[in-house]
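A look at the structure
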Amino acid sequence: MKFCSNLGIKVFSILAVTSILAACGSPSKTSSKNTSPVLTPTGDDPQKFGAKYSGRHYQQSILSPVARVENQSAVVNQGDFLTQLSNVKAYSARLSDRFYGNYQKITNWVLAGADVRELSQYGISSQIMKGFDGYQNVLMTGYYSPVIHARRSPQGKFQHPIYAMPTYKRLSREQIYAGALEGQGLELAYSDSMIDNFLLGVQGSGYVDFGNGNLTYFAYAGQNGFKYQAVGRLLVEDGEIPKEKMSIQAIRDWGNANPSRVQGLLERNPSYVFFKNDPSGKVKGSAGVPLVPMAAVASDRNVIPSGSVLLVEVPDIDNSGNWKGTHKLHLMVALDVGGAVNGHHFDLYRGIGDQAGHIAGLSKHYGRVWILQ
């Protein structure tokens, strides 16, 4: 889970910036004939980010059974979903046992073509989520596994340590930056970017490139016990970056333009994440299962139990974060959690590296979600 698992606090990579752009609100109970979009707290119209209202009725229950899935387009990730389900079976006997019958039904349906019109023929029922507004619009952000450039000892521009978990961890970020952990043999690597180290902590895990062509996986080991403060929100509040332009890249650009101010900004977030070398090299969620990009999701366990199979209407966005006006159906498994993932909000695992991080950083869009049982 975020702050408590290999993936640590990945959700915050996006919520650090998108929580100031898109968040849950409270809808008024209007009928579908007189439906006006529920604005986010920042005044954004969710319809620009994939939310829809026309023809929909307000839903009070968190989950509501439906006779059919309204979106009957093709499932685009059948192979990746089966790989993800195979990972669940290989790594989690608990989830495999709990959902054995469900996984069998859904696997048979997928192998037969995954036609959403045929779900009932395979004994699969569907429940649709209420959404943040009661009109089935579920917020979807994204997270990823970064790749950090580093060396095993300080040299040249590689001067920023990535630390293993200390025995005594109640030290603030400011104290750690001031050298409180030096001389204890806790340095796992030295990167060339303080911001990259910070974002690695935000993600909670990632890969390190020591310059030899191979990647080493650093998994989440623990956190120092201080409350997380979103630096994206701080930059907006300080007037440094307009809220409508906030993104991971915007934070990087600000850091490049203000190198002498980076440490001071980061110290305003006292939370600090520690790592451990994971020789398996596999990105795992809170369920201990290796994640497959766009076939795994972080969710609120109070709403969606770990191991649940979901049919997710993923908003189709371009490389600038603009919604293209369409959604694509993905099959996913709930395998991770996050301190900032609450209610009708999902964090979609996007994969490894810069491009995955770019799309994850732009994701703050809406689509429908059906639980398949």
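Provided above is the structure to which this section pertains.
To keep things clear, this report deals only with the structure shown in the data block.

Rules of the game
Residues numbered from 1 in each chain as written. Predicted model: local features only at pLDDT ≥ 70, side-chain atom pairs only at ≥ 80, totals over all residues. Heavy atoms only, no water. Helix = DSSP H or I, 4+ residues; strand = E, 2+ residues; numbered from the N terminus. Buried < 20%, exposed > 50% of the residue type's maximum accessible area, 1.4 Å probe, protein only. Contact = heavy atoms within 4.5 Å. Areas by Shrake-Rupley, 256 points an atom, 1.4 Å probe, with all protein chains shown as cover. Pairing = 2+ DSSP bridges. Axes fitted to C-alpha atoms, helices over the stretch in contact; angles between N-to-C directions. Core = buried A, V, L, I, M, F, W, Y, C linked by side-chain atoms within 4.5 Å. Parallel < 35°, antiparallel > 145°, perpendicular 65-115°, else oblique. Left-handed = near helix turned anticlockwise from the far one by under 90°. Nonpolar A, V, L, I, M, F, W, Y, C, P; charged D, E, K, R; others polar. Phe/Tyr/Trp six-rings, centres within 6.5 Å; stacked < 30°, edge-to-face > 60°. Lys NZ or Arg CZ within 6 Å of the ring centre and 35° of its normal. Polar contact = N/O pair within 3.5 Å; in protein donor to acceptor, adjacent residues only side chain to side chain.

Each helix and strand counted, the protein chain has ten helices and 15 strands in total. Expressed as a percentage of the 373 residues in the protein chain, the buried residues total 56%. Counting only contacts in the protein chain whose residues sit at least 6 apart along the sequence, the fraction spanning at least 24 positions is 79%. Accessible surface for the protein chain amounts to roughly 15400 Å². Of this, 47% is attributable to carbon and sulfur atoms.

This part is about the sheet that holds strand 4 (residues 147–151). A sheet is described by the order of its strands in space; here six strands give the open sequence 5-6-4-7-8-9, paired in mixed fashion. The outermost strands of the open sheet, each flanked by one partner alone, are strand 5 (160–163) and strand 9 (273–277). The average angle at which neighbouring strand axes cross in this sheet is 50°, direction not considered. Of the pairings in the sheet, the one linking strand 7 (residues 206–209) to strand 8 (residues 215–223) comprises four bridges and is antiparallel in character. Bridged to G206 within strand 8 is F218. Across the face of the sheet, helix 6 (residues 194–203) comes into contact with strand 4, strand 5, strand 6 (187–191), strand 7 and strand 9 while running at roughly 15° to strand 5.

Once that is clear, we can look at the sheet that holds strand 10 (residues 296–298). Strand order in the open sheet formed by nine strands is 1-2-15-11-12-10-13-3-14, and the pairing between neighbours is mixed. The open sheet terminates on both sides in strands that have one partner only, identified here as strand 1 (63–66) and strand 14 (365–367). Between one strand axis and the next, the sheet turns through 45° on average, direction left out of account. Direction of pairing for strand 1 relative to strand 2 (residues 126–129): antiparallel, over a ladder of four bridges. Considered in strand 2, the bridge of V66 is made with S126. Helix-sheet contacts for helix 2 (residues 78–91) involve strand 10, strand 11 (309–317) and strand 12 (323–336), and the interaxial angle to strand 12 is about 15°.

Looking now at the nonpolar core. Ranked by internal contacts, the top residues of the largest apolar core, which has 35 residues, are W109, L311, L331, L335 and L372. Within the residue set of this core, elements represented by two or more residues are helix 2, helix 4 (100–111), strand 8, strand 10, strand 11, strand 12 and strand 15 (369–372).

Looking now at the environment of A360. By secondary structure assignment, the location of A360 is in helix 10 (residues 354–362). Residue classification places A360 among the buried residues on the basis of a relative accessible area of 0%.

This part takes up the packing of helix 6 against helix 8 (residues 248–257). Two quantities define a packed helix pair, namely the angle between the axes and the distance from one axis to the other. At a minimum axis distance of 10 Å, the contact between helix 6 and helix 8 shows a crossing angle of 150°. Overall, the two elements helix 6 and helix 8 adopt an arrangement that is roughly antiparallel. As helix 6 packs across helix 8, the resulting crossing turns out to be right-handed. Across from I195, D196 and L199 in helix 6, the residues of helix 8 making contact are I248, I251, R252 and G255.

Before going further, it helps to examine the packing of helix 2 against helix 4. Here helix 2 crosses helix 4 at 155°, and the two axes come no closer than 11 Å. As the angle between them shows, helix 2 and helix 4 are arranged roughly antiparallel. Pair helix 2 / helix 4 crosses with left-handed handedness. Residue-level contacts link Q78, F81, L82, L85, V88 and K89 of helix 2 to Y103, Q104, I106, T107, V110 and L111 of helix 4. Grouping the constituent residues of the contact of helix 2 with helix 4 by class yields eight nonpolar, three polar and one charged.

This part takes up the packing of aromatic side chains. A ring pair, where both rings are aromatic, is described by two values, the distance of the centres and the angle of the planes. The tally for this structure, following the rule as stated, stands at eight aromatic pairs. Geometrically, the ring pair formed by Y207 and Y217 is tilted, given 4.9 Å between the ring centres and 45° between the ring planes. Note that Y207 is positioned in strand 7 and Y217 in strand 8, a separation of ten residues in sequence. Looking at Y207, the relative accessible area reads 8%, which means it is buried. Of the residues examined, Y217 reaches a relative accessible area of 1% and is grouped as buried. Ring geometry for Y272 against F274: centres 5.3 Å apart, planes inclined by 50°, an arrangement best described as tilted. Just as Y272 is buried, F274 falls in that class too. Positioned above the aromatic ring of F210 is the side chain of R152, whose terminal nitrogen or guanidinium carbon lies 3.9 Å from the ring centre. Its end group placed over the ring of F226, R170 keeps NZ or CZ at 4.0 Å from the ring centre.

With that settled, consider the environment of Y122. Here Y122 lies in the loop between helix 4 and strand 2. Residues Y122 and N108, spaced 14 residues apart in sequence, show a C-alpha to C-alpha distance of 7.6 Å. In this structure Y122 touches K105, N108, W109 and A112, once residues within four positions along its chain are discounted.

Quick look at helix 6 now. Side chains that are three or four residues apart share a direction in an α-helix, a result of its 3.6 residues per turn. In terms of burial, helix 6 is a largely internal element, ten of the ten residues being buried. Measuring from the backbone nitrogen of I195 back to the side-chain oxygen at the start of helix 6 gives 3.3 Å, which picks out S193 as the cap. G204 sits one or two positions beyond helix 6 and adopts a positive phi of about 90°.

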